[in-house]
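One letter stands for each residue in the lines below.
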Amino acid sequence: MTGGHTRNTVPMRTSPRCGARTRDGSPCRAPAAHGKTRCRMHGGALGSGAPKGNQNARARTGCSPGRRSASKDRSG
């Protein structure tokens with residue numbers, strides 16, 4: 001099938017792997033993105049990941065489900 005051409009697969013086989021855990025618990029076998037430790041599907045792609053800082057966190061409004069205001073504590 002290669003038409004007498006010998007493929008050089010050594011760089012492909014020796015490249016660092018992603019290693020992120022998949023849903024079944026096994027490590028990802030995809031090659032890591034250049035200069036990264038994860039593959040393009042697990043955060044190695046340009047622009048992937050959370051924004052810098054705490055941009056995607058929930059804002060604290062003072063009304064959390066675990067707290068009750070003083071007016072609700074009074075029963076009667």
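Check the entry above for the structure.
Within each chain, residues carry numbers counting from 1 in the order of the written sequence. Thresholds applied to this predicted model are a pLDDT of at least 70 for local features of residues and 80 or more for the giving and counting of side-chain atom pairs; totals over whole chains, interfaces and linings are not thresholded and use all residues. Side-chain measures here rest on the full set of heavy atoms in the structure, leaving out hydrogens and waters.

(A) Focus on the overall build of the protein. Assigned secondary structure in the protein consists of two helices and zero strands. The buried label applies to any residue whose accessible area, calculated with a 1.4 Å probe on protein chains only, is under 20% of its type's maximum; exposed applies above 50%, and partly exposed to all values in between. Within the span of the protein, comprising 76 residues, buried residues form 11% of the whole. Residues are treated as being in contact if the distance between any of their heavy atoms lies within 4.5 Å. For the protein, restricting intrachain contacts to residue pairs at least 6 apart in sequence, the fraction spanning at least 24 positions comes to 2%. Carbon and sulfur atoms make up 52% of the accessible area of the protein, which totals about 7300 Å². Helix and strand definitions here come from DSSP, where helices need a minimum of 4 consecutive H or I residues and strands a minimum of 2 consecutive E residues; each element is numbered from the N-terminal end. Computed with a 1.4 Å probe, the accessible areas rest on the Shrake-Rupley method; for each residue, only the protein chains presented here act as cover.

(B) Region of the structure containing the state of the cysteines. Working definition: a disulfide is two cysteine sulfur atoms within 2.5 Å of each other. Counted under the stated rule, the structure contains zero disulfides. Cys18 carries a free sulfur, and the closest cysteine sulfur to it, the one in Cys39, is 3.7 Å from it. On the basis of relative accessibility, which here comes to 1%, the residue Cys39 falls in the buried class.

(C) The environment of Cys18, seen in detail. With respect to the secondary-structure elements, Cys18 resides in the loop between α1 (10-14) and α2 (70-73). Taking C-alpha positions, Cys18 is 4.6 Å from Ala32, a pair spaced 14 residues apart along the chain. In contact with Cys18, not counting residues within four places along its chain, are Cys28, Ala30, Pro31, Ala32, Thr37, Arg38, Cys39 and His42.

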